[in-house]
Amino acid sequence: MQQVRAKVLNAQKAVHETFFSVKDIFEKHNVVFTIGASLASAGAAWAGYTARQMHQKKVEDRLNSIEHAMATVHNLEEEHVKALTSSIGVSYAACAATAGTTLVIGYGFGFRGGRWFTLRKIQKQQQRLLNPRTPIQLSQVLRGKKAAGETPNSSKAENVSKVLEGAQSA
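Since the model is a prediction, treat every value here as computed from it, not as a measurement. (Residues numbered from 1 in each chain as written. Predicted model: local features only at pLDDT ≥ 70, side-chain atom pairs only at ≥ 80, totals over all residues. Heavy atoms only, no water.)

1. Digging into the confidence of the model for the chain
Across the chain, pLDDT averages 76, with 65% of residues at or above 70. Considering each helix and strand of the chain separately, the mean pLDDT is smallest for helix 6 (residues 156–169), with a value of 59, and largest for helix 1 (residues 2–28), with 88. (pLDDT = per-residue confidence, 0-100. Helix = DSSP H or I, 4+ residues; strand = E, 2+ residues; numbered from the N terminus.)

The following block contains the structure:
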């Protein structure tokens, strides 16, 4: 039972440490990830546009074949067929309204997110200054070693105070 508990605790510590190391990488390289996400978004938009154009072409071809079939089989007049199958376009006003709404909403989310990110970063820096901690190395967790200043028979509060004293003196 002790071995299972130790394995679970070690796995939990390893996952915790991995999470924070990945989080630190994302925070340190946020410009690279932002540019990468923007490029991925542009690629997705281009792929969507291309797929939409291909679909539009297929629909137009299908409508032309239906128009041709109706004109030849039912002997309908050409003007009557064009009236039935004329395409309805998108107006410039609707396009501008959609783009404007998207711009305003996107700017609002970006402003709010940027403000939140900045405030969160300031809070983290204040917490680091007020509460310095020594990071647990992943290799220490895998080997089952205790953190710096931690002894097997001491309480957690004593261990935390020893670690903090060691960090402040360093």
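Back to the write-up after that little detour.
2. Some details on the UniProt feature "transmembrane region" (unreviewed entry) in the chain
If you check UniProt for "transmembrane region" (unreviewed entry), the listed places come out as residues 31–49 in our numbering. Taken end to end, residues 31–49 comprises 100% helix and 0% strand; its first and last C-alpha atoms sit 27 Å apart. (UniProt positions renumbered as here; feature names shortened; annotations may be inferred.)

3. Some details on the packing of aromatic side chains
Enumeration according to the criterion identifies 1 aromatic pair in this entry. For the pair Phe19 and Phe20, a centre-to-centre distance of 5.2 Å together with 70° between the ring planes defines the contact as edge-to-face. (Phe/Tyr/Trp six-rings, centres within 6.5 Å; stacked < 30°, edge-to-face > 60°.)

4. Quick word on a nonpolar patch on the surface
Taken together, the side chains of Val22, Ile25, Phe26 and Phe33 define a hydrophobic patch exposed on the protein surface, amounting to about 350 Å² of accessible area. Take the nonpolar patch: its biggest share by element is 3 residues, from helix 1. Here Val22 lies in helix 1. (Patch = residues over 30% accessible without salt bridge, like charges linked within 9 Å, V, L, I, M, F, W, Y side chains within 5 Å. Areas by Shrake-Rupley, 256 points an atom, 1.4 Å probe, with all protein chains shown as cover. Salt bridge = Lys/Arg side-chain N within 4 Å of Asp/Glu carboxyl O.)

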